[in-house]
Amino acid sequence: MSIRPTRPAPLAALPAQVHTLIVGTGFAGLAAAHKILTEKSSSDVVLIERAADVGGTWRDNTYPGAACDVPSNLYSFSFAPSPAWTHNYARQPEIFDYLKSVADSHGMRERTVFDCELLSARWDSKTSRWNVETSQGTTSAQVLVAATGTLSNPSFPDVPGIGDFTGTMFHSATWDHGFDPAGKRIAVVGTGASAIQFVPELADPAEHLTVFQRTPAWIIPRLERPIGALERRLYKVLPPTQKIARGALYAYREGYVVALAKFTFLLPLFKLVAQGQLRKQVADPVLRKKLTPGFTIGCKRMLLSNTWLRTLSRPDVDLVDTGMSAMTADGVVDGNGVEHKVDAVVFGTGFTATEPPVAQVLHGADGRSLAESWNGSPSAYRGTSVNGFPNLFLMYGPNTNLGHSSIVYMLESQANYINSAIAQMSDRKLSSIDVTRRAQEAYNDDIDEQLTDTVWNAGGCSSWYFDRKGRNSVMWPTFTWEFRKLLRTTDLGDFELRRGAPVAQPRESEPA
Ligand SMILES: Cc1cc2nc3c(=O)[nH]c(=O)nc-3n(C[C@H](O)[C@H](O)[C@H](O)COP(=O)(O)OP(=O)(O)OC[C@H]3O[C@@H](n4cnc5c(N)ncnc54)[C@H](O)[C@@H]3O)c2cc1C
């Protein structure tokens, strides 16, 4: 009989005061908590999470076929390698279990208040603290880390009649597991990273699928394989072998940047691979044309799949390439005004990425919200600090997204930066640090310049990377090691510093 290790109990209630408050317990929140706790820059760390468990993306996205698209040996924490992955691209349940076990074994669960949503946080210049309101009461924090995710709020198309549909309707990020697709006519709206994973899973049980596409994506093969018992054993007994495998994957993925951002004339090599797969899997030239993007490969994230194109070739699957224009009580209307009667609609329409809801509830030194301050165009210093919002750190902030590698690497870089800032505040007895406008602008001017010739800006597509003002406020423009280097420490020379007010919680190593 195996004995299940007991799960640590979470924090029962929100304390009235805390030094460092981390909002969100996905990869980002856990990375920040781990760094701050292990380096002991603050011992008074509390996490809050609006859901009932840790995991973020990997707790919520439970759709059939959900899996990562960066190999798990790389898409995982450097401080918690797992020899247990059963596939090189782990499936959602394994990633969710992994995040739960990291939270349990690194002392994070017992510091987390669950079902606790951040409702508002206001900077108080008199006390140099954040006054925080949550669904479980109020608290005050000296340092606030917003690790609320970029892809955590589902987005729906803004079309007339969306509320009129009387059948089953849900978003891929809130999959309705009570819904039985067997024998149903199902419309799928969207052809992005999630849809290409769940559509092949729905095709068999459904009676008929109609997929509504706005723009096709370039699809490249997914070099997928199970990780056998022998390899798993090797990683377990000889951990350096897994480190080597991770290093090799990292180097290989960074190689993509050479074509995506530095020498875009190399991109046709990727295109050859994508076109080869398209030709092999789609015999019908009309369908093939519908599935051929009109922009440079890489401009929108290249998607990985061995089954998507083949699924769209099935006789019981239709592709509508005019998108959706409206909904009725019993169907979806396409861009040509034709109604398609269906029993259910599944939205694979992504997330509100450039307008994160958390920006509405964070109010800085002048009382304005972060959303008001950004005014439709998010920007930050090193993707993490924002002028006028002292002691606030954004994880996965503006211009930190990647088209080629693991976001976890970026999040761990941000965790280094936050930890460095907190340690320096403590050492220098600073009550607040606020990045200067000048430093923030100079940083973003440089980002904009670096992005100019990349495929994300120059590849001729319209993507979610562009904000309301037409700025690419999403992508990191170059190699990830450059980000790591830049965020190794926080350069307080770029900040306005405030001394005097007591720091709530001294570093553990210092006498109280
Ligand atoms: C289906 C899918 C597949 C993906 N695959 C990959 C991949 O293969 N590789 C890759 O690099 N990236 C991938 N991504 C991107 C993914 O979002 C990131 O890799 C990563 O999971 C982000 O972690 P996070 O902690 O920043 O955000 P999240 O995982 O979104 O976590 C944010 C947490 O904050 C909580 N929260 C939000 N608002 C509040 C609030 N107001 N109060 C309290 N709590 C709040 C949420 O409940 C959530 O738990 C994928 C995304 C999706 C949706």
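Residues numbered from 1 in each chain as written. Predicted model: local features only at pLDDT ≥ 70, side-chain atom pairs only at ≥ 80, totals over all residues. Heavy atoms only, no water.

**Focus: the pattern of salt bridges**
Filter applied, for reference: For this analysis, a salt bridge means a side-chain nitrogen from Lys or Arg found within 4 Å of a carboxyl oxygen belonging to Asp or Glu. Each helix is a run of H or I in the DSSP string that is no shorter than four residues. Each strand is a run of E no shorter than two, and both are numbered from the N terminus. Note on classification: 1.4 Å probe, protein chains only; a residue is buried when its accessible area is under 20% of the maximum for its type, exposed when over 50%, partly exposed between these limits.
One pass over the structure, following the stated rule, counts 18 salt bridges. As a salt-bridge pair, Glu39 and Lys35 come within 3.4 Å of each other at their nearest N and O atoms. Of this pair, Glu39 and Lys35 both sit in helix 1 (residues 27-39), 4 residues apart, roughly one helical turn. Relative accessible area serves as the criterion here: at 40%, Glu39 is assigned to the partly exposed category.

**Regarding the sheet that holds strand 8 (residues 185-189)**
To keep it simple, the criterion reads: Pairing between strands is defined by DSSP: at least two bridges between them are needed. Under this scheme, a helix contributes an axis fitted over its contacting stretch, all axes are lines through C-alpha atoms, and angles between N-to-C directions fall in the 0 to 180 degree range. Throughout, a contact is declared for two residues whenever any of their heavy atoms are within 4.5 Å.
Read across the open sheet, the 5 strands follow the order 7-16-8-9-12; overall the sheet is parallel. A single partner strand is all that each edge strand has here, and the edge strands are strand 7 (168-171) and strand 12 (317-320). Between one strand and the next, the sheet's axes are offset by a mean angle of 15 degrees, whatever the strand orientation. Both strand 8 and strand 16 (residues 344-347) contribute to a ladder of 4 bridges, which runs parallel. Of the residues in strand 16, the one forming a bridge with Ala187 is Val345. Along the sheet face, helix 4 (residues 195-203) touches strand 8, strand 9 (208-212), strand 12 and strand 16 and points at about 170 degrees away from the line of strand 8.

**Examining the domain arrangement of the chain**
Defined as follows: Residue ranges labeled as domains rest on an automatic or database domain assignment. Reported buried area values correspond to the accessible surface (1.4 Å probe) lost by two parts on association, with both partners' losses combined. Throughout this description, a polar contact denotes any pair of N or O atoms lying within 3.5 Å of each other; where both atoms belong to protein, one of them has to be capable of donating a hydrogen while the other can accept it, and for residues adjacent in sequence the pair is counted only when both atoms sit in side chains. Throughout, the ten residues Ala, Val, Leu, Ile, Met, Phe, Trp, Tyr, Cys and Pro are labelled nonpolar, Asp, Glu, Lys and Arg are labelled charged, and all others, Gly among them, are labelled polar.
Domain boundaries in the chain define domain 1 (17-153 + 352-499) and domain 2 (168-223 + 263-347). Between the C-alpha centres of domain 1 and domain 2 there is a distance of 31 Å. Each side of the interface is counted separately: domain 1 has 25 residues, and domain 2 has 21 residues. Both sides of the domain 1 and domain 2 interface together cover about 1,900 Å² of buried area, and 50% of this is carbon and sulfur. In this assembly, domain 1 and domain 2 are joined by 1 salt bridge. With a shortest N-O distance of 3.1 Å, Arg301 and Asp69 are connected by a salt bridge. Where domain 1 packs against domain 2, one counts 11 residue pairs in polar contact (both at pLDDT 80 or more). Looking at the side of domain 1 that touches domain 2, its residues break down into 12 nonpolar, 10 polar and 3 charged.

**Examining the confidence of the model for the chain**
For the record, the criterion: Think of pLDDT as the predictor's per-residue confidence, scored from 0 to 100.
The pLDDT averaged across the chain works out to 94; a share of 96% of its residues lies at or above 70. Within the model, pLDDT remains below 50 along residues 506-512, and this stretch shows 14 contacts once partners closer than five positions in the same chain are excluded.

**Thoughts on the side chain of Glu412**
The condition that has to hold: The sign given to each residue is positive for Lys and Arg and negative for Asp and Glu; His and the chain ends receive no count.
Relative to the helices and strands, Glu412 is located in helix 12 (residues 407-427). Although Glu412 is buried, it makes no salt bridge; Arg246 carries the closest opposite charge, 4.4 Å away. For Glu412, the residues in contact, after removing those within four places along its chain, are Ala31, Ser76, Phe77, Ser78, Phe79, Arg246 and Arg484.

**Some words on the packing of aromatic side chains**
Short version of the rule: Aromatic pairing here means that ring centres of Phe, Tyr or Trp (its six-membered ring) are within 6.5 Å. Orientation follows from the plane angle: under 30 degrees is stacked, over 60 is edge-to-face, and everything else is tilted. Here, a charge over a ring means that NZ of Lys or CZ of Arg falls within 6 Å of the ring centre while also lying within 35 degrees of the ring normal.
A complete count under the given rule lists 22 aromatic pairs for this structure. Consider the rings of Tyr250 and Tyr409, whose centres lie 4.9 Å apart with planes at 35 degrees: the pair is tilted. Of this pair, Tyr250 sits in helix 6 (residues 239-262) while Tyr409 sits in helix 12; the two residues are 159 residues apart in sequence, bridging distant segments of the chain. Note on accessibility: Tyr250 and Tyr409 belong to one class, buried. Geometrically, the ring pair formed by Tyr381 and Phe495 is edge-to-face, given 5.7 Å between the ring centres and 90 degrees between the ring planes. Placement of the pair is Tyr381 in the loop between helix 11 (370-374) and strand 18 (392-394) and Phe495 in strand 20 (residues 495-499), with a sequence separation of 114 residues. On the basis of relative accessible area, Phe495 is assigned to the buried category, the value being 7%. Counting every residue linked through ring pairs, the aromatic cluster contains Phe27, Trp58, Tyr75, Phe77, Phe79, Trp85 and Tyr98. The ring of Tyr256 has Arg253 sitting right over it, with the charged end atom 5.5 Å from the ring centre. One Lys or Arg, Arg484, reaches over the ring of Tyr409 and ends 4.0 Å from the middle of that ring.

**Points about the site of the ligand**
Short version of the rule: Nearness is defined per residue: one heavy atom within 4 Å of the molecule or strand is enough.
Around the ligand, the surrounding shell holds 31 residues, and the nearest of these are Glu49, Thr57, Asp69, Tyr75 and Ile407. A distance of 3.0 Å separates an oxygen atom of the ligand from a polar side-chain atom of Arg59. One of the backbone nitrogen or oxygen atoms of Leu118 is found 2.9 Å away from a nitrogen atom of the ligand. Elements supplying a minimum of two residues to the shell around the ligand: helix 1 and helix 2 (57-60).

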